[in-house]
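Residue strings, one per chain:
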Amino acid sequence: MQGNDDFSMSGLPPANGTDDRGARPLVWVAAFTKSNAERTAAAALRREDYSVYIPSRRELRQWSDRKKWVEVLLIPRVIFIHTIPQKLNDLLRNPAITSLLKAPGERKPAVIPASEMEKLMFMAGNSDRTIEISAPRILRGEEVEIVRGSLKGLRGRASQDADGLRRISILIDNLCCASVSVPLSDLEAIT
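Let us look at the structure shown here. (Residues numbered from 1 in each chain as written. Predicted model: local features only at pLDDT ≥ 70, side-chain atom pairs only at ≥ 80, totals over all residues. Heavy atoms only, no water.)

1. Some details on the overall build of the protein chain
Our working definition: Per the convention used, a helix needs a DSSP run of H or I reaching at least four residues, while a strand needs a run of E reaching at least two, with both numbered from the N terminus. Residue exposure (1.4 Å probe, protein chains only): buried if accessible area is under 20% of the type maximum, exposed if over 50%, otherwise partly exposed. Note on definitions: a residue-residue contact is assigned when non-hydrogen atoms from the two residues lie within 4.5 Å. Calculation of accessible area relied on Shrake-Rupley with a 1.4 Å probe; when residues are assessed, cover is drawn exclusively from the protein chains displayed.
Secondary structure summary: the protein chain contains 2 helices and 13 strands in total. The 191 residues of the protein chain split such that 35% are buried. Intrachain contacts of the protein chain at a sequence separation of at least 6 include 57% that bridge at least 24 residues. Counting every atom, the protein chain has about 12,600 Å² of accessible surface; 50% of that belongs to carbon and sulfur.

2. Looking at the packing of aromatic side chains
Let me state the cut-off plainly: Here the aromatic set is Phe, Tyr and Trp, taking the six-membered ring for Trp, and pairing holds for ring centres within 6.5 Å; pairs whose planes are under 30 degrees apart are stacked, those over 60 apart are edge-to-face, and all others are tilted. Criterion for a charge above a ring: Arg CZ or Lys NZ at most 6 Å from the ring centre, at most 35 degrees from the ring normal.
Evaluation of the coordinates by the stated rule reveals 0 aromatic pairs. For R66, the ring lying beneath its charged end belongs to W63, and the centroid distance is 4.9 Å.

3. Considering the environment of S35
Note on placement: S35 falls in the loop between β3 (27-33) and α1 (38-47). Placed 63 residues apart in sequence, S35 and T98 show a C-alpha to C-alpha distance of 9.8 Å.

4. Here's the deal with the nonpolar core
In a soluble, globular protein the nonpolar side chains are often hidden away together inside. Filter applied, for reference: Working definition of a nonpolar core: buried Ala, Val, Leu, Ile, Met, Phe, Trp, Tyr and Cys residues. They are joined through side-chain atoms within 4.5 Å.
Core analysis: the biggest nonpolar cluster contains 18 residues, and L45, V52, I79, I81, L91 and I97 have the highest contact counts within it. Listed by contribution, the elements that provide at least two residues to this core are β3, α1, β7 (78-83) and β8 (97-100). In this structure, I97 is in contact with A31, F32, T33, A41, L45, I79, I81, L91 and L92, ignoring residues within four places of it in sequence. Counting 13 residues, the second-largest nonpolar core is a separate cluster that includes Y53, I112, L120 and A124.

Any functional reading would require information beyond the geometric quantities listed.
Okay, here's the thing in structure tokens:
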């Protein structure tokens, strides 16, 4: 990845998950920013010695009179921060940060596994093709399991109702099919 320092991966801590002050484990979290405030939030956090990553790609844009290479954010309004868990609440003091990513139904910020961050950084830094960011897909008819909430552990087949909401259906042989609406974030495909 080239270009503006706001997008570079330099300054990130070593991959062993510790900082230079000792063996305090570092975690990755995602922070939501105000609109077009990713660079502002990242710069302020870097001044406070946080490691910040903003996934981006270089893209050639054409105007009527010229072409120009620009840095395009892969995930607008999201920055990734590598910090110790004890400092998570301090991140919200940054006026450009609106909230931290939380798993559905959870109060604590979601910790992103370092291996997933390494894969994202590798992909963003090395891909010569367009990277698409999308929500996880669960296909109609796919076998799924509910992973949180009061129905955690229930398995069935994914379907969709007339309003486009994701449903999980349980077939009772020769009798009926029971189904319930479930947020997509509460479902995982069974492989």
